[in-house]
Protein chains: 2
Amino acid sequence: MGRTAFIISDRTGITAEMLGHSLMTQFPLQFEQVTLPFVDTPDKARDAVRLVNEATLRDGAQAIVFATIVDRTIGEIIATANAVSIDFFRSFIGQLEDTLGLEASAEVGAVHPATDSHQYETRIEAINYSLANDDGARVRDYDKADIILVGVSRSGKTPTCLYLAMQFGLKAANYPFTEDNFSDTDQLTLPKELRPHRNKLFGLTIEAERLHAIRNERRANSRYSSRNTCYQEVRDLEALFVRERIPHISTTQRSIEELATKIIQESGVQRHLA
Amino acid sequence: MGRTAFIISDRTGITAEMLGHSLMTQFPLQFEQVTLPFVDTPDKARDAVRLVNEATLRDGAQAIVFATIVDRTIGEIIATANAVSIDFFRSFIGQLEDTLGLEASAEVGAVHPATDSHQYETRIEAINYSLANDDGARVRDYDKADIILVGVSRSGKTPTCLYLAMQFGLKAANYPFTEDNFSDTDQLTLPKELRPHRNKLFGLTIEAERLHAIRNERRANSRYSSRNTCYQEVRDLEALFVRERIPHISTTQRSIEELATKIIQESGVQRHLA
């Protein structure tokens, strides 16, 4: 028996979707998913209800609605759908009103305007910084970095930096350890560009076998992607992290969100977006 | 009277935080915010409860806990805190169990493993594509793009592309209209690199005054940032969007999330991450 899960929001629906996914993955079922963002007029709400009711009829089982709806009127219309309705927002607003002794403003996207514009700029600035300081392309701005991720090529530095910038407003640079850093005879040392910024360094490591698979997709049968190179680079860099007491984390089996959150937690870096 | 808002999760807490913010901004209050991610053992849960209880005592008003906790035991410990507790996850799991006639697995981060690894790769590939095809740096891979954002310099193309890639797994290229495209005498035309990909184009526009302010921060008192240039570029490009029937949206006053979601909705592009 297939069921349809609707994500309905008078804003983007991104949080409803993330939470809806978390809930759905707790059950061994496949849901057909329909996302309806910006349902912000009574007409659009009635259209959404119609779609939900059609799905319930078609599936022979109530659709599930995961919603975040700020506007009261829209919320009431959506609630009339023939579905199991879960509104992550409206479910709690009454409880908060009682606790705080205040009425909610019920404005879609209500925010403290000054903060918002400031936060927007913080975020864009962090993204621009992280792009400009990606992959060791520029090291002279490291003094402006909030954090500098270090790791071998393809260990996940770039996406993690971008997420740190986008979600938390952090200026996240990254520096790759490449062929030039590794030597067959000498012990790996901390490059001189990184030495003045030791307290900002955070290491990313990865299982050598996984690294080998990733690099092989990129440049098959090369020295760069060989099992031998991958094992050696990972081993030498992990040893350096330990010797230099650089905090580090494995990217294997971790999502970008998990990595970013763990890095903030373990480095103690101050987020710029609350 | 100050209050403390805790974000507590046995995972990253990112969704709890986003929803908690939405709820808090409905009230004209300032909250002291404390984020506690990865509270995934009974010991950590008891530490969290202690922090919450201390805040309630210190503030003379119950702390608010916004939580997403999958593990039942952890959830029960957190529920003992002297606080107004809102768990966006546990509040609904019982309702879903009843509806679906199934028991939730209660596993932290439970996911369908095959899908997950596939989704991870889709996401990384999209991010890499969007980085490589940023700012018109490379146009030969436009046939692989899911969408190509076009707009004047500093209209918000890059962050929007990165978000489309990160959140929705879309290969989002972007092409800037620069000085070279605009002419004082000739009407603006669609560059030949873009013509074969018309159906993938989506325009970003921006209020000229806002553009002027942004560019001025970057390169003050230049031709590039002058009010005159900004007004002319925006006007000419908007006229081109209309002439060529390219769907477009204003980035002024919109968050990156809103832009990305609207672009998906209005272009009809298929997301690669559900």
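Computed from a predicted model, the values in this text were never measured in an experiment.

Undergrad: Kindly report on the overall build of chain A, identifying the contributing residues and their values.
TA: Of the regular secondary structure elements, chain A holds 9 helices and 8 strands. In summary, chain A has a C-alpha radius of gyration of 24 Å against a globular reference of 19 Å for 274 residues, an excess of more than 25%. With the C-alpha coordinates aligned to their principal axes, the bounding extent of chain A is approximately 70 × 45 × 30 Å. The proportion of buried residues among the 274 residues of chain A is 53%. Once local pairs closer than 6 in sequence are excluded, the contacts in chain A between residues at least 24 apart make up 71%. Accessible surface, chain A as shown: approximately 12600 Å² in total, 46% of it carbon and sulfur. Distance from the positive charge centre (31 side chains) to the negative charge centre (38 side chains) of chain A: 6 Å.

Undergrad: Summarise the domain arrangement of chain A; cite the residues concerned and give the values.
TA: Split by domain assignment, chain A resolves into domain 1 (3-100) and domain 2 (113-267). On a C-alpha basis, the centres of domain 1 of chain A and domain 2 of chain A stand 39 Å from each other.

Undergrad: Describe the relation of the copies chain B and chain A, with residues and values.
TA: Take chain B, turn it by 180°, move it 0.0 Å along the axis, and it overlays chain A with an RMSD of 0.0 Å. Within this description, the copies of the chain are treated as partners about a two-fold rotation axis. The residues that chain B uses at the interface reappear at the interface of chain A in 100% of cases, marking a shared surface.

Undergrad: So what about empty space enclosed by the protein? Which residues, and what values?
TA: For the structure on display, the rule yields 5 cavities of 30 Å³ or more. The space that makes up the largest cavity amounts to roughly 90 Å³. In terms of lining, the largest cavity is formed by A:Ile14, A:Met18, A:Tyr163, A:Met166, A:Gln167, A:Glu257, B:Ile14, B:Met18, B:Tyr163, B:Met166, B:Gln167 and B:Glu257. For the lining of the largest cavity, the elements supplying multiple residues, two or more each, are α1 (14-24) and α6 (157-168) of chain A together with α1 (14-24) and α6 (157-168) of chain B. A class-by-class count of the residues in the lining of the largest cavity yields 8 nonpolar, 2 polar and 2 charged.

Undergrad: Can you lay out the interface of chain B and chain A for me, pointing to particular residues and giving the numbers?
TA: Taken residue by residue, the interface counts 73 residues in chain B and 73 residues in chain A. Here chain B meets chain A over a buried area of about 6700 Å², counting both sides, of which 68% is carbon and sulfur. The interface formed by chain B and chain A holds 6 salt bridges in total. Note that B:Arg210 is salt-bridged to A:Glu121, the shortest N-O span being 3.9 Å. When contributions to the side of chain B that touches chain A are tallied by element, the ones reaching two or more residues are α1, β2 (31-36), β3 (63-68), β4 (83-87), α4 (90-100), α5 (113-132), α6 and α9 (256-267) of chain B.

Undergrad: Could you give an account of the UniProt feature "binding site: ADP" (unreviewed entry) in chain A, with specific residues and numbers?
TA: Residue and element names in this part refer to chain A. Following the UniProt record, the feature "binding site: ADP" (unreviewed entry) maps to Gly151, Val152, Ser153, Arg154, Ser155, Gly156, Lys157 and Thr158 here. Following the sequence through the fold, Gly151 ends up in strand β5 (residues 147-152). With sequence-adjacent residues up to four places away left out, Gly151 is seen in contact with Lys157, Tyr175, Pro176, Phe177, Leu204 and Leu237. You can see Gly156 is positioned in the loop between β5 and α6.

Undergrad: For the pairing of strand β4 (residues 83-87) of chain A, give the residues involved together with the corresponding values.
TA: Residues in a regular strand project their side chains so that they alternate between the two faces of the sheet. Residues and elements named next belong to chain A. The element β4 is largely enclosed, with a buried count of 4 among its 5 residues. In this structure, strand β3 (residues 63-68) lies alongside β4, joined through 5 bridges in parallel fashion. Residue pairing in the sheet places Ala63 in a bridge with Ala83 of β4. After leaving β3, the chain enters helix α3 (residues 72-78) and then returns to the sheet as β4, a path that is right-handed.

Undergrad: Go over the pattern of salt bridges with me, naming the residues and quoting the values.
TA: Residues and elements named next belong to chain A. Following the criterion strictly, the structure yields 30 salt bridges over all chains and no others. A salt bridge links Arg138 to Asp141; the nearest nitrogen and oxygen atoms lie 3.3 Å apart. What makes Asp141 buried here is its relative accessible area of 13%. Ionic contacts of the salt-bridge type, sharing partners, join the residues Arg138, Asp141 and Lys144 into one network.

Undergrad: So what about α6(A)? Which residues, and what values?
TA: Residue and element names in this part refer to chain A. Along its 12 residues, α6 runs 16 Å from first to last C-alpha, staying within 8% of the 16 Å computed at 1.5 Å per residue. By the criterion of burial, α6 is predominantly enclosed, with 12 of the 12 residues buried. Inspection of α6 places Lys157, Thr158, Pro159, Thr160, Cys161, Leu162, Tyr163, Leu164, Ala165, Met166, Gln167 and Phe168 among the buried residues, and these make up the whole buried set. With its phi angle positive at about 70°, Gly169 sits one or two positions after the end of α6.

Undergrad: I'd love a proper account of the sheet that holds β3(A), names of residues and values included.
TA: Residues and elements named next belong to chain A. The strand order across the open sheet built from 4 strands is β2-β1-β3-β4, with neighbouring strands paired in parallel fashion. This sheet does not close on itself; its edge strands, each paired only once, are β2 (31-36) and β4. Each strand of the sheet is rotated relative to its neighbour by a mean of 20°, with strand direction disregarded. Sheet topology note: the strand β1 (residues 3-9)/β3 ladder contains 5 bridges and is parallel. Bridge pairing in β3 places Ser9 opposite Thr68.

Undergrad: Run through the side chain of B:Lys262, naming residues and quoting values.
TA: Relative to the assigned elements, B:Lys262 resides in helix α9. One buried charged side chain, B:Lys262, makes no salt bridge at all; its nearest oppositely charged neighbour is B:Glu266, positioned 4.7 Å away. The contacts of B:Lys262, once residues within four sequence positions are left out, are A:Phe38, B:Ile249 and B:Arg254.

Undergrad: Mind laying out α4(B), listing which residues take part and the relevant values?
TA: All names here are of chain B. Those residues of α4 lying buried are Phe92, Ile93, Leu96, Glu97 and Leu100. Along α4, the residues classed as buried sweep out an arc of 145° about the axis, all on the same side. Positive phi shows up at Gly101, right after α4, with a value of about 65°.

Undergrad: I'd love a proper account of unusual backbone geometry, names of residues and values included.
TA: Residue and element names in this part refer to chain A. In this structure, Arg154 takes a positive phi of about 70° despite not being glycine. On the secondary structure map, Arg154 appears in the loop between β5 and α6. Residue Arg154 is classed as partly exposed on the basis of its relative accessible area, which comes to 24%. Backbone geometry at Arg245 places phi at a positive 55°, although glycine is not the residue there.

Undergrad: Before we move on, can you summarise the side chain of A:Asp87 with the specific residues and values?
TA: Tracing the chain through its elements places A:Asp87 in strand β4. Of the buried charged residues, A:Asp87 lacks a salt bridge, with A:Arg90 as the closest side chain of opposite charge at 5.3 Å. Polar contacts involving the side chain of A:Asp87 include one to the main-chain amide nitrogen of A:Phe89, which spans 2.8 Å. Each residue touching A:Asp87, except ones within four places of it in the same chain, is listed here: A:Ala67, A:Thr68, A:Ile69 and B:Phe92.

Undergrad: Break down the nonpolar core for me, with residues and values.
TA: A general feature of soluble globular proteins is that nonpolar side chains tend to end up buried together. Counting 48 residues, the largest nonpolar core has A:Leu164 and B:Leu164 as the members making the most contacts within it. If we skip the residues at most four places from it in the chain, B:Leu164 touches B:Ile147, B:Leu149, B:Gly169, B:Leu170, B:Ala172, B:Ala260 and B:Ile264. Judged by nonpolar contacts, the second largest core, of 40 residues, contains A:Phe31, A:Ile86, B:Ala5 and B:Ile86.

Cut-offs used in this document
Residues numbered from 1 in each chain as written. Chains lettered and ligands numbered in written order. Predicted model: local features only at pLDDT ≥ 70, side-chain atom pairs only at ≥ 80, totals over all residues. Heavy atoms only, no water. Helix = DSSP H or I, 4+ residues; strand = E, 2+ residues; numbered from the N terminus. Rg over C-alpha atoms; globule rule 2.2 N^0.38 Å. Buried < 20%, exposed > 50% of the residue type's maximum accessible area, 1.4 Å probe, protein only. Contact = heavy atoms within 4.5 Å. Areas by Shrake-Rupley, 256 points an atom, 1.4 Å probe, with all protein chains shown as cover. Lys, Arg positive; Asp, Glu negative; His and termini not counted. Charge placed at Lys NZ, Arg CZ, Asp CG, Glu CD. Domains from an automatic or database assignment. Least-squares fit on C-alpha atoms with pLDDT ≥ 70 in both. 1 Å grid on protein atoms, 1.4 Å probe; cavity = no way out; pocket = protein on both sides within 12 Å on 5 of 7 lines; lining within 4 Å. Points joined across faces, edges and corners; volume = space filled by probe spheres on them. Nonpolar A, V, L, I, M, F, W, Y, C, P; charged D, E, K, R; others polar. Buried area = accessible area lost by both parts, 1.4 Å probe. Salt bridge = Lys/Arg side-chain N within 4 Å of Asp/Glu carboxyl O. UniProt positions renumbered as here; feature names shortened; annotations may be inferred. Pairing = 2+ DSSP bridges. Right-handed = clockwise from strand over helix to strand, strands pointing away. Expected span 1.5 Å × (residues − 1). Axes fitted to C-alpha atoms, helices over the stretch in contact; angles between N-to-C directions. Arc of directions from axis to C-beta. Polar contact = N/O pair within 3.5 Å; in protein donor to acceptor, adjacent residues only side chain to side chain. Core = buried A, V, L, I, M, F, W, Y, C linked by side-chain atoms within 4.5 Å.

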